[in-house]
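Coordinate inspection notes
These are the residues of each chain, in order.
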Protein chains: 2
Amino acid sequence: MINKLIDKIQKTKAPIVVGLDPMLSYVPEQVKERAFAEYGETLAGAAEAIWQFNKEIVDKTFDLIPAVKPQIAMYEQFGIEGMQAYKKTVDYCKSKDLLVIGDVKRGDIGSTSAAYAAGHLGKVQVGSRTYAGFDEDFATVNPYLGSDGVKPFIDVCKEEKKGLFILVKTSNPSSGEFQDQLVDGKPLYELVGEKVAQWGEEHCSETYSYIGAVVGATYPEQGKLLRKVMPKSFILVPGYGAQGGKGRDLVHFFNDDGLGAIVNSSRGIIAAYKQEAYQKYGQENFGEASRKAVEDMIADIRGALETR
Amino acid sequence: MINKLIDKIQKTKAPIVVGLDPMLSYVPEQVKERAFAEYGETLAGAAEAIWQFNKEIVDKTFDLIPAVKPQIAMYEQFGIEGMQAYKKTVDYCKSKDLLVIGDVKRGDIGSTSAAYAAGHLGKVQVGSRTYAGFDEDFATVNPYLGSDGVKPFIDVCKEEKKGLFILVKTSNPSSGEFQDQLVDGKPLYELVGEKVAQWGEEHCSETYSYIGAVVGATYPEQGKLLRKVMPKSFILVPGYGAQGGKGRDLVHFFNDDGLGAIVNSSRGIIAAYKQEAYQKYGQENFGEASRKAVEDMIADIRGALETR
């Protein structure tokens, strides 16, 4: 799957990923009205609204981008109906040949991580048959429980040719509270990064490993360091745009081959129509606004990479 | 909710929680056969099997125990159908007046944690209405992202009178890989414990805080220390029985008032009928075997507390 990701990045010339994190407040009124007219102001109505919102954005952007990253929390908050919208979104994106990074941040003790891994990346046995529950291509994983919480995910990735992005240094303001604590003079995130690099070495396709990392765009200096610590790991970089980072701040997340990172933007793309820069599209054409925002983001990052 | 938990522990004299983590391999053949006869060897069939399995165990044990802890991964692996079985289990346990600790180990950046918190402990707004997605009483939370990943959960708990158990020192063998790293001479778990204590102080009901911690039964020495670091926090202690710990090893997780900890057993209770000690019940009477295992666990822990 990491090779497919690299292929698609090279074809689209777009090392970016669109974060499908649909808050109801991002969904234009006409989309909500149609959904509520059909299902009422119910969880099913909310799920329909975010699904229709996603579908329009995917339809308007899928040819420009290699991958999407649905944030499962935004669906899970709507209960079962929300989870159904998540699955519909994953399936639809895959039908459009987009790679799907399930931003699930799961992680637990071994046997429990194995269940999460089966549900999101692998298959589960039911009697004599096997089924894929959610079937994303990549998943994000929380490393707080250590190797035996991560290994079941790696095993499933190996079997199913899928991939991981492990939280190393997250984009939020308080990420340093534990992640920056010094252990023998080194911040904890560097220790986690070294572990990711080690898992990566052991699970490498031709050039890059299918064990990647998450490092926030909001911490470019740490990104620079972690790029060196994990040379064969792809870095998923959240926090572009709305959270702060811009293309020129992010060049150090990439290797000299122009690969090795994929930058996520969520709100900046999916709610682009609400920004002054894209207001001319109007909320009726929110998908077109998202497309233009994707084009601008690609130009920003590609420009920064070309002039570094 | 923490006061309700304390009341129920005092009434049942059972500081224990039954982990409803139904692997299909734990479910007796006759239960699977009935489910597969109705739904086939499908995800729906698997979901029906684990739901019927849970229901029988709950029916046979609910009068003895204060709470259950369904591990969501065991349901999530079966996709949407599994999540439906999770919700059915949560709702059924609540109808039996059991407190439900959703073992979800979620945690993300602020806005995303807010969505998880709304979905599992709070309510979500849909137009002019509000709905509860999964509606557990407590949830487990992963602290790797720091305060702003935890705070949205605390806010929802305050509003909805619910509670948290934050991962401090987990029960798995490799938990030390990051959690035991020394920061200024102190292990990271102690630092996380201090943070839990601080959040706990700020959110205290009469005696105990609704911000609790997870500390594995497999690490009794660390439990002893963390008991002192977090005097007002309830400690959820996984790892009893199957993972290793026994009553006498766990007394130090409790305060002198005999409160402050709640010990979880999953496999040891729900798959009791597979153990030699309970084989005489036979797989037809697996619920009775679970009841006896609960009684034995209560006696073990109560005995250890009375003789310490």
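Residues numbered from 1 in each chain as written. Chains lettered and ligands numbered in written order. Predicted model: local features only at pLDDT ≥ 70, side-chain atom pairs only at ≥ 80, totals over all residues. Heavy atoms only, no water.

Attention shifts here to the interface of chain B and chain A. With 73 residues of chain B in contact, the opposing surface of chain A contributes 73 residues. Of the roughly 5700 Å² buried between chain B and chain A on both sides combined, carbon and sulfur atoms contribute 63%. Area buried by chain B at its contact with chain A is led by E41, Y144 and F178 of chain B, which between them contribute 15% of it. Where chain B touches chain A, the interface holds six salt bridges. Here K105 of chain A and D108 of chain B are joined by a salt bridge, their closest N and O atoms 2.9 Å apart. On the surface where chain B and chain A come into contact, there are 31 residue pairs in polar contact (both at pLDDT 80 or more). No other element matches the seven residues that helix α6 (residues 110-120) of chain B contributes to the side of chain B that touches chain A. Taken together, the residues of the side of chain B that touches chain A break down into 35 nonpolar, 26 polar and twelve charged. (Contact = heavy atoms within 4.5 Å. Buried area = accessible area lost by both parts, 1.4 Å probe. Salt bridge = Lys/Arg side-chain N within 4 Å of Asp/Glu carboxyl O. Polar contact = N/O pair within 3.5 Å; in protein donor to acceptor, adjacent residues only side chain to side chain. Helix = DSSP H or I, 4+ residues; strand = E, 2+ residues; numbered from the N terminus. Nonpolar A, V, L, I, M, F, W, Y, C, P; charged D, E, K, R; others polar.)

Counting 230 residues, the largest nonpolar core has L5, M230 and F234 of chain A together with L5, M230 and F234 of chain B as the members making the most contacts within it. Setting aside anything within four residues of it in sequence, one finds M230 of chain B in contact with V168, G193, V196, A197, A213, V215 and I235 of chain B. (Core = buried A, V, L, I, M, F, W, Y, C linked by side-chain atoms within 4.5 Å. Buried < 20%, exposed > 50% of the residue type's maximum accessible area, 1.4 Å probe, protein only.)

This part takes up the relation of the copies chain B and chain A. Taken as rigid bodies, chain B and chain A are interconverted by a rotation of 180 degrees and an axial shift of 0.0 Å, the fit giving an RMSD of 0.0 Å. This pairing of chains is accounted for by a two-fold axis. Proximity to the rotation axis, assessed at the C-alpha, singles out V183 of chain B in chain B; its C-alpha lies 2.7 Å from the axis. A symmetric contact is evident, with 100% of the interface residues of chain B recurring at the interface of chain A. (Least-squares fit on C-alpha atoms with pLDDT ≥ 70 in both.)

Another point: the pattern of salt bridges. All chains considered together, the criterion is met by 44 salt bridges over all chains. A salt bridge links E295 of chain A to R291 of chain A; the nearest nitrogen and oxygen atoms lie 3.7 Å apart. One end of the pair is E295 of chain A and the other is R291 of chain A, both in helix α13 (residues 286-306) and four residues apart, which spans about a single turn. Here E295 of chain A falls in the partly exposed class, since its relative accessible area comes to 34%. Taking the relative accessible area as the measure of exposure, R291 of chain A reaches 22% and is therefore partly exposed. By sharing partners, the salt bridges in this structure join K69, D103 and K105 of chain A together with D108 of chain B into a single network.

Our focus in this paragraph is the sheet that holds strand β11 (residues 235-237) of chain A. Residue and element names in this part refer to chain A. Taken in spatial order, the eight strands of this closed barrel run β1-β2-β3-β6-β7-β10-β11-β12, and their pairing is parallel. Pairing geometry for strand β2 (residues 67-68) and strand β3 (residues 99-106), over two bridges, is parallel. Bridge pairing in β3 links V68 to V100. (Pairing = 2+ DSSP bridges.)

Counting across every chain of the model gives 14 aromatic pairs over all chains. Note on F53 of chain B and F286 of chain B: the rings are 5.3 Å apart at their centroids and 20 degrees apart in plane angle, and the pair reads as stacked. In this pair, F53 of chain B sits in helix α3 (residues 43-61) while F286 of chain B sits in helix α13 (residues 286-306), placing the two residues 233 residues apart along the sequence. Residue F53 of chain B shares its accessibility class with F286 of chain B, and that shared class is buried. Look at Y75 of chain B and Y86 of chain B: their rings are 5.3 Å apart centre to centre, the planes differ by 70 degrees, and that puts the pair in the edge-to-face class. With Y75 of chain B in helix α4 (residues 73-76) and Y86 of chain B in helix α5 (residues 79-95), this residue pair connects regions lying eleven residues apart in the sequence. A relative accessible area of 0% means that Y86 of chain B is categorised as buried. Connected via pairs of aromatic rings, a cluster forms that spans F53, Y273 and F286 of chain A. Here K96 of chain A stacks its cationic end above the ring of F62 of chain A, 4.4 Å away from the centre of that ring. (Phe/Tyr/Trp six-rings, centres within 6.5 Å; stacked < 30°, edge-to-face > 60°. Lys NZ or Arg CZ within 6 Å of the ring centre and 35° of its normal.)

Before going further, it helps to examine the side chain of K69 of chain A. Its location among the elements puts K69 of chain A in the loop between β2 and α4 (73-76). A relative accessible area of 4% places K69 of chain A in the buried class.

With that settled, consider the environment of L188 of chain B. Here L188 of chain B lies in helix α9 (residues 188-202). Spatially, the C-alpha atom of L188 of chain B lies 14 Å from that of N142 of chain B, the residues being 46 residues apart in sequence. Excluding residues within four positions of it along the chain, L188 of chain B makes contact with Y144, F178 and L188 of chain A together with F178, Q179, D180 and Q181 of chain B.

Turning next to the state of the cysteines. Evaluation of the coordinates by the stated rule reveals zero disulfides over all chains. Cysteine C93 of chain A remains unbridged, with the sulfur of C157 of chain A as its closest cysteine sulfur at 19 Å. (Disulfide = S-S within 2.5 Å.)

What follows concerns the confidence of the model for chain A. The predicted model of chain A averages 96 in pLDDT, with 98% of residues at 70 or higher. The ipTM, which scores confidence in the relative placement of chains, is 0.97 for this predicted complex, and the corresponding pTM is 0.97. (pLDDT = per-residue confidence, 0-100.)

As a further point, take the sheet that holds strand β6 (residues 138-141) of chain B. All names here are of chain B. An order of β1-β2-β3-β6-β7-β10-β11-β12 is seen for the eight strands of this closed barrel, with the pairing classed as parallel. Summarising the sheet, strand β7 (residues 163-169) and strand β10 (residues 209-215) pair through five bridges and their orientation is parallel. Within β10, the position partnered with K169 by the bridge is V215.

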